[in-house]
Amino acid sequence: MSYKLDSEVVTMDEDGLRFSQDCKGQMPEGIIHEKESPGQASSTSENEKVVPEFYNKAQKYWSEVPATVNGMLGGLGYINAIDIQGSKIFLRELKVPGKKLALDCGAGIGRVSCNLLIPLFETVDLVEQDAAFAEKARELCTSESVRRNGLGEIYNLGLQEFSPTNKYDLIWSQWVLGHLTDPDLVAFFRRMRLSLQPGAYFCIKENVSTSKEVIKDDEDSSVTRPLELYERFLKEAGFRVARKVRQQNFPKGLFPVYMIACKPKP
Ligand SMILES: C[S@@+](CC[C@H](N)C(=O)[O-])C[C@H]1O[C@@H](n2cnc3c(N)ncnc32)[C@H](O)[C@@H]1O
């Protein structure tokens, strides 16, 4: 997800080289409008087919991706340090009150847990739909280079099915929300709101589209939403946005990446 190019400004030539080009309007199949997002199809029977297919395709896509940092970052492993540094500064400025328990949503191989969350929280739980990634996360987050006993529970299931039993001091969700349908996303946000300790934050870090459109990617079965849509869904789920920062220093041509920290509305 991190590697995704903003197709409105950058595309690839046949040799896989990037070049700038405004190709807006040249990819009609790649752009879907909000009302056509999976999970919002007009009839129930249509929905019954479209929604499982959306999740199954993503599952298959990720099952073929290597369980490495490079795999998590679509071949742009070198942005790992810049990404983690940006998140560290964001959390530092947020001044999260509790330091006991955090949750990493769509954790992959635990890149964010190992590098960002375990150094800051006593215990970190993970949710990840791919069993091989979850196993790799267990291995990496308990390796010698990571603080002992920092890893808590690993939940091997999709966010659309996940209902936390713990209350968290921080919930972090990065480069995964494009894999949820709109209704599942709002329902997920609601469940996260109910799983926060008093004063705790729910943070998301996601690619956003530069147009007002939702951009569909059929290859990994995900969507890239505009920032405003994330904000609207967060509000709908009962959150208020406490802080919003754009990640700096990523390579040119990628979708903008935003970090948003929310608190339950009083
Ligand atoms: C781009 S990787 C990001 C991993 C991690 N958040 C990071 O930043 O390194 C996307 C991850 O989301 C997971 N994923 C995809 N759909 C999911 C879903 N419905 N629920 C939970 N995880 C999902 C994939 O298996 C993959 O591990």
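Our subject is the structure that appears above.
Keep in mind the model is a prediction, meaning the values are calculated, not measured.

Criteria and thresholds
- Residues numbered from 1 in each chain as written.
- Predicted model: local features only at pLDDT ≥ 70, side-chain atom pairs only at ≥ 80, totals over all residues.
- Heavy atoms only, no water.
- Helix = DSSP H or I, 4+ residues; strand = E, 2+ residues; numbered from the N terminus.
- Buried < 20%, exposed > 50% of the residue type's maximum accessible area, 1.4 Å probe, protein only.
- Contact = heavy atoms within 4.5 Å.
- Areas by Shrake-Rupley, 256 points an atom, 1.4 Å probe, with all protein chains shown as cover.
- 1 Å grid on protein atoms, 1.4 Å probe; cavity = no way out; pocket = protein on both sides within 12 Å on 5 of 7 lines; lining within 4 Å.
- Points joined across faces, edges and corners; volume = space filled by probe spheres on them.
- Nonpolar A, V, L, I, M, F, W, Y, C, P; charged D, E, K, R; others polar.
- Salt bridge = Lys/Arg side-chain N within 4 Å of Asp/Glu carboxyl O.

> Explain the overall build of the protein to me, and be specific about the residues and the numbers.
The secondary structure content of the protein amounts to 7 helices and 12 strands. Taken over 266 residues, the protein has a buried fraction of 52%. The contacts of the protein with a sequence gap of at least 6 include a subset with a gap of at least 24, amounting to 70%. For the protein, the accessible surface area stands at approximately 12700 Å², while carbon and sulfur atoms represent 50% of it.

> Explain the layout of surface pockets residue by residue, including any values.
Space inside the largest pocket adds up to approximately 540 Å³. Every residue lining the largest pocket is counted, 28 residues in all, and those nearest its centre are G106, E128, Q129, V176 and H179. Those elements giving two or more residues to the lining of the largest pocket turn out to be α1 (44-63) and α4 (111-117). No other element matches the 5 residues that α1 contributes to the lining of the largest pocket. For the lining of the largest pocket, the per-class residue count stands at 15 nonpolar, 9 polar and 4 charged.

> Report on the pattern of salt bridges, specifying residues and quantitative values.
Tallied over the full model, the rule gives 11 salt bridges. R138 serves as the salt-bridge partner of E135, at 3.8 Å between the closest nitrogen and oxygen. Within this pair, E135 and its partner R138 are both found in helix α5 (residues 131-141), separated by 3 residues, close to a single helical turn. A salt bridge links R232 to E236, with the shortest nitrogen-to-oxygen separation between them at 3.7 Å. Of this pair, R232 and E236 both sit in helix α7 (residues 227-236), separated by 4 residues, roughly a single helical turn. On the basis of relative accessible area, E236 is assigned to the partly exposed category, the value being 41%. Here the residues in one salt-bridge network are D83, R111 and K205, joined through shared partners.

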